[in-house]
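Close look at the chain arrangement
So you can see what is in the structure, the chains are spelled out below.
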Amino acid sequence: MFKKRLDKNRQRGIILLKRGRHLIYEYLYAKQDRPNIDNDELAEFRRLAKAYANATDRQIAEMISDQHLVEICHERQTQIQE
């Protein structure tokens, strides 16, 4: 799990998992709206990161299909194959 700076350092994204060429973003926020996440949120993000880390590629594909996750493609319009 890590924090990514976006939009010329004006936005933050909490990334739970980097799996191959895929990233799972959980939370996006503007730096001007809040300086950081609190300890309770951090603990919950870590719990979610562990759950996603244990998910199989097929389970991730099912979560996308069921719209529990939304796939955002950058440059190439590819999708996870089951």
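Residues numbered from 1 in each chain as written. Predicted model: local features only at pLDDT ≥ 70, side-chain atom pairs only at ≥ 80, totals over all residues. Heavy atoms only, no water.

As enumerated under the stated definition, the model contains four salt bridges in all. One salt bridge connects Arg-10 with Asp-7, and the closest N-O pair in it is separated by 2.9 Å. Here Arg-10 falls in the partly exposed class, since its relative accessible area comes to 49%. Overall, the relative accessible area of 41% leaves Asp-7 in the partly exposed class. In this structure, Glu-62 and Arg-58 form a salt bridge, with 3.5 Å as the shortest nitrogen-oxygen distance. Of this pair, Glu-62 and Arg-58 both sit in helix α2 (residues 57-65), four residues apart, which is roughly one turn of the helix. Overall, Glu-62 belongs to the partly exposed group, its relative accessible area being 35%. Residue classification places Arg-58 among the exposed positions, given a relative accessible area of 53%. (Salt bridge = Lys/Arg side-chain N within 4 Å of Asp/Glu carboxyl O. Buried < 20%, exposed > 50% of the residue type's maximum accessible area, 1.4 Å probe, protein only. Helix = DSSP H or I, 4+ residues; strand = E, 2+ residues; numbered from the N terminus.)

Bringing helix α1 (residues 39-53) into the picture now. For α1, which comprises 15 residues, the first-to-last C-alpha distance of 21 Å matches the rise-based estimate of 21 Å (1.5 Å per residue) to within 8%. Among all positions in α1, only Phe-45, Ala-49 and Tyr-52 are buried. Take α1 and look down its axis: the buried residues cluster within an arc of 65°, on one side only. Set apart from the buried face of α1 by more than 90 degrees, the exposed residues are Asn-39, Asp-40 and Lys-50. Those residues of α1 that are buried lie in contact with β2 (11-19), β3 (22-30) and α2. (Expected span 1.5 Å × (residues − 1). Arc of directions from axis to C-beta. Contact = heavy atoms within 4.5 Å.)

Attention now goes to the packing of aromatic side chains. Counted according to the given criterion, the structure contains two aromatic pairs. An aromatic cluster of three or more residues is present, and its members are Tyr-27, Tyr-29 and Phe-45. Against the face of Tyr-29 rests Arg-34, its NZ or CZ located 5.8 Å from the ring centre. (Phe/Tyr/Trp six-rings, centres within 6.5 Å; stacked < 30°, edge-to-face > 60°. Lys NZ or Arg CZ within 6 Å of the ring centre and 35° of its normal.)

A separate point is the side chain of Arg-34. The residue Arg-34 is located in the loop between β3 and α1 in this model. Within polar-contact distance, the side chain of Arg-34 engages the backbone oxygen of Asn-36 at 3.2 Å. With residues up to four places along the chain from it excluded, the contact list for Arg-34 reads Tyr-27, Tyr-29 and Glu-41. (Polar contact = N/O pair within 3.5 Å; in protein donor to acceptor, adjacent residues only side chain to side chain.)

For the protein chain, per-residue confidence averages 84 on the pLDDT scale, and 89% of positions sit at 70 or higher. Within the protein chain, no element has a lower average pLDDT than β3, which sits at 85, and none a higher one than α1, at 92. (pLDDT = per-residue confidence, 0-100.)

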